[in-house]
Amino acid sequence: MAAQDFNFLLATDSYKITHYKQYPPNISKIYAYFECRRKKGSQFSEVVFFGLQYLLKKYLTGPVVTEEKIQEAKIFYQMHFKQAVFDDEGWRKVLEKHDGRLPIRIKAVPEGRIIPRGNVLFTVENTDPSFYWLTNYIETMLVQMWYPITVATISREFKKILAKHLKATSGSLEGLDLKLHDFGYRGVSSQESAALGGAAHLVNFCSTDTVAGLLMAQRYYGCPMAGFSIPAAEHSTIISWGKNMEKDAFERVLDQFSSGPVSVVSDSYDIFNACKHIWGDELKERVMERSQDSCLVIRPDSGDPAETLIEVIKILEESFGCSLNSMGYKVLPSYLRIIQGDGIDLSSVDEILQKLSDEGWSAENVFFGCGSALLQKLNRDTLSCAFKCSYVETNGKGMDVYKQPVTDPSKGSKKGRLSLRRNSDGFIETVESGAGKPEEDLLVTVFENGNLLQEYSLEEIRKKARLQDEEINPTLHNHKEELLHNHIINGIH
C-alpha cells in the first residue's frame, strides 16, 4: 500500500491539473505509452526494464485519495495559480466511487527483460470513462522510470565489457557478478536516487556499498541480501596516522581484518612507493600470509586509471611474482588483487582491460568501483525516454492519435493501442493500431484499479537480465547486431 503521508494529488507537473478542462467534450478514454526512443548513433541499442514495481508499491497502490488530501491540494493549487482551477469535485468522485483507488490499468514488460530501444515498455489507460484525465496526470511520476531503467542498462553494459575481457583472458566468467562495485551512494542527488539506482545496479551485480539500494531490494523486491562488500580503508583512516606512519596504518588494517578480504586505499602519498616499499617489502610477509579467501585488495585512487593500474601491477609482480592461467595470461598470487575506483566509466573500463590484456595480464587481477558514471552522470535523454498519448475514445468511437513534428521526425510517436511481440524472425517489435494478437503480447497487466496484480522477485529479474552467449562472444554479438540493424532499416522493427 502506498505511503499514507504522501499526497498523490500533488505529485504532478502543476499544469496538468488544468488539462481536464482542455480535452474534447465527451471523451471517455485516454491511452498512453512509455518508450525509450531509438536514436541514431547512440551507444545503447537496448534497455533493461526495471523499477516500476517500486513506484507502484510506494506511491500508487491502495487508497491514495482522501478528503484531507483533496483539501490540501485545493488550497495549494489556489495559491499556486491564483485562481480556482483544481478539479476537487473530480477527485472527490474518485474517492466516493473507487474508495480513493486509482481507476487506472498499467500493462508492462516483465521487469528484467532486455528490450530493443524504440519499443513500448508500458501502457497506461483509465478503466472508468469518467476519469479519462487520470492517464496523463500520472505521467510525471511514471516517466521517472527513466532513472532505474537507465542505471540498470548502463550497469549491464559494464557487465558485457567485463564479461568479454574476463572470458578472453581467463577462459571463464567466475567472479563476474562481483567485478563492478557500486561506489555511488555519496554522488547521487538524494536517498531515493541512491535506493533506485543502487537497486538497479543489483539487477546485474552483487557488489555494492550503497546500503539504500540493498534496502530497496529487500523491501520491494523480496531479496533478503542482494549485494556484498568487504572491510575497506578510506583516506581518513590512513592519513590520520600521519605521513611517516603509512606502514603502521596499513598494518593496523591487516591486523584488524585478518580473515576475509580487505581493501586498502594506498595512494594517500605515493601509490608506487606504497606498492614497492611498504606492501612489497616491509609488509611483504604479512601479505603473503593471507589466502585467496582473505586477500589484500590494493586501491589506487588517483592519476590516469590505465597507466597507474598497469604500473602498480608491474610493481606487485616484481615483489610477489605471478603465474600463467589456462589462457596464458598472467595472474597475481591469489592473496593479492587490485580495485580501480577512480575515473571509471564504460570507456575507461574497456580501455584499462584492453591495455592489461595487451600487457599479458588477465582481467582476474582487477575489480572496479564506479560512482557517478553509474548512478549520476545520466539523464532522461540518455535513453530518450518519453510518455505519449496514442489512442482516445470520444462519443463511443476510438481514434488512433500521434504527434509528428516537422522540425524533428525522431520525436514522432506511435499510434493506437500497442502490444509487444516476438516475431517469426525472433525479434521483439511493437505492433501499433490495435493490430496485435493478445496471445502474443509480452506486456503484462501489473496494476489495475489500485491493485498490484503482478510482483517480481529480484531473483526472477536477475534471471531475465542475464547476459546471453552472443553478448559475451564478440563474433556472435556482431552478427546479432547486423541482423538487428537490417531488421530496423527494412522497416520491420
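Up top you'll find the structure we're talking about.
In what follows, the accompanying structure is described. (Residues numbered from 1 in each chain as written. Predicted model: local features only at pLDDT ≥ 70, side-chain atom pairs only at ≥ 80, totals over all residues. Heavy atoms only, no water.)

**Observations concerning the overall build of the protein**
Link 1 in the chain: Assigned secondary structure in the protein consists of 18 helices and 18 strands.
Link 2 in the chain: In terms of overall dimensions, the protein has a C-alpha envelope of 85 × 50 × 40 Å along the principal axes.
Link 3 in the chain: Per-residue burial over the protein gives 52% buried out of 493 residues.
Link 4 in the chain: Only carbon and sulfur atoms are counted for the fraction: they give 48% of the accessible area of the protein, which is about 22,100 Å². (Helix = DSSP H or I, 4+ residues; strand = E, 2+ residues; numbered from the N terminus. Buried < 20%, exposed > 50% of the residue type's maximum accessible area, 1.4 Å probe, protein only. Areas by Shrake-Rupley, 256 points an atom, 1.4 Å probe, with all protein chains shown as cover.)

**Re the packing of aromatic side chains**
For any pair of aromatic rings, the description consists of the separation of the ring centres together with the inter-plane angle of the planes.
Link 1 in the chain: Going through the model one piece at a time under the given rule, you end up with 21 aromatic pairs.
Link 2 in the chain: Taken together, a centroid distance of 5.3 Å and an interplanar angle of 85° make the contact between Phe 76 and Tyr 77 edge-to-face.
Link 3 in the chain: Here the aromatic residues Phe 8, Trp 91, Phe 131, Trp 133 and Tyr 137 are joined through ring pairs into a cluster of three or more.
Link 4 in the chain: Over the ring of Phe 367 we find Lys 179, and its NZ or CZ is 4.5 Å from the ring centre.
Link 5 in the chain: We note Lys 415 situated over the ring of Tyr 402; from NZ or CZ to the ring centre the distance is 4.3 Å. (Phe/Tyr/Trp six-rings, centres within 6.5 Å; stacked < 30°, edge-to-face > 60°. Lys NZ or Arg CZ within 6 Å of the ring centre and 35° of its normal.)

**Digging into the pairing of strand S5 (residues 120-126)**
Link 1 in the chain: With 7 of 7 residues buried, S5 is to be regarded as a mostly interior element.
Link 2 in the chain: Note: strand S1 (residues 27-36) against S5, 5 bridges, orientation antiparallel. Across the sheet, residue Tyr 31 finds its bridge partner in S5, namely Glu 125.
Link 3 in the chain: Sheet analysis places strand S3 (residues 104-108) next to S5, joined by 5 bridges and oriented antiparallel. Among the inter-strand pairings, Ile 104 is bridged to a residue of S5, identified as Asn 126. (Pairing = 2+ DSSP bridges.)

**Comments concerning helix H13 (residues 305-320)**
Link 1 in the chain: Look at H13: 22 Å from first C-alpha to last across 16 residues, which is about the 22 Å you get at 1.5 Å a residue.
Link 2 in the chain: Residues of H13 that are buried: Pro 305, Ala 306, Thr 308, Leu 309, Ile 310, Val 312, Ile 313, Ile 315, Leu 316, Ser 319 and Phe 320.
Link 3 in the chain: For H13, the secondary structure elements touched by its buried residues are helix H11 (271-282), helix H12 (284-288), strand S8 (296-299), strand S11 (336-340), helix H14 (346-358) and strand S12 (366-370).
Link 4 in the chain: The N-cap of H13, judged by a side-chain oxygen 3.2 Å from the amide nitrogen of Ala 306 a few residues on, is Asp 304. (Expected span 1.5 Å × (residues − 1). Contact = heavy atoms within 4.5 Å. Polar contact = N/O pair within 3.5 Å; in protein donor to acceptor, adjacent residues only side chain to side chain.)

**A closer look at the pattern of salt bridges**
Link 1 in the chain: Within the structure shown, the criterion is met by 32 salt bridges.
Link 2 in the chain: Residue Asp 88 pairs with Arg 92 through a salt bridge whose shortest N-O separation is 3.5 Å. Here Asp 88 pairs with Arg 92, and both are found in helix H3 (residues 88-98), just 4 residues apart, close to one helical turn.
Link 3 in the chain: A relative accessible area of 14% means that Asp 88 is categorised as buried.
Link 4 in the chain: Classification of Arg 92 as buried rests on a relative accessible area of 13%.
Link 5 in the chain: Members of the salt-bridge network, linked through shared partners, are Lys 29, Arg 105, Glu 125, Arg 417 and Glu 448. (Salt bridge = Lys/Arg side-chain N within 4 Å of Asp/Glu carboxyl O.)

**Side note on the sheet that holds strand S7 (residues 262-265)**
Link 1 in the chain: Spatially, 5 strands are ordered S6-S12-S11-S8-S7 in an open sheet, and the strand pairing comes out parallel. One side of each edge strand has no neighbouring strand; the edge strands of this open sheet are strand S6 (180-182) and S7. On average, each strand axis in the sheet is inclined to that of its neighbour by 30°, with strand direction left out of account.
Link 2 in the chain: Bridge count between S11 and S12: 3 bridges; the pairing is parallel. Bridged to Ile 338 within S12 is Val 366.
Link 3 in the chain: Contacts between H11 and the sheet are confined to S7 and S8, with S8 contributing the most and set at about 150° to the helix. (Axes fitted to C-alpha atoms, helices over the stretch in contact; angles between N-to-C directions.)

**What to know about the sheet that holds strand S14 (residues 397-400)**
Link 1 in the chain: What the 7 strands build is an open sheet, ordered S14-S13-S1-S5-S3-S17-S18; its pairing is antiparallel. At either margin of the open sheet sits one strand with a lone partner, and together these are S14 and strand S18 (451-452).
Link 2 in the chain: Alignment of S3 against strand S17 (residues 444-448), held across 4 bridges, turns out to be antiparallel. Note that in S17 the partner of Ala 108 across the bridge is Val 444.
Link 3 in the chain: Helix H1 (residues 52-60) rests against S3, S17 and S18 of the sheet, and its axis sits at about 15° to S17.

**Observations concerning the environment of Leu 95**
Link 1 in the chain: Position of Leu 95 relative to the elements: it lies in helix H3.
Link 2 in the chain: With 85 residues separating them in the primary sequence, Leu 95 and Leu 10 have C-alpha atoms 16 Å apart.
Link 3 in the chain: Apart from residues lying up to four places away in sequence, Leu 95 is in contact with Val 65, Thr 66, Glu 67, Ile 70 and Gly 100.

**Observations concerning the packing of helix H10 (residues 246-256) against H11**
Link 1 in the chain: For the pair H10 and H11, interaxial distance at closest approach is 11 Å and the crossing angle is 55°. When the axes of H10 and H11 are compared, the pair comes out oblique. The interaxial crossing formed by H10 with H11 has right-handed handedness. Of the residues in H11, those in contact with Glu 246, Lys 247, Phe 250 and Leu 254 of H10 are Ala 274, Ile 278, Trp 279 and Glu 282.
Link 2 in the chain: Tallied by class, residues from the contact of H10 with H11 come to 5 nonpolar, no polar and 3 charged. (Parallel < 35°, antiparallel > 145°, perpendicular 65-115°, else oblique. Left-handed = near helix turned anticlockwise from the far one by under 90°. Nonpolar A, V, L, I, M, F, W, Y, C, P; charged D, E, K, R; others polar.)

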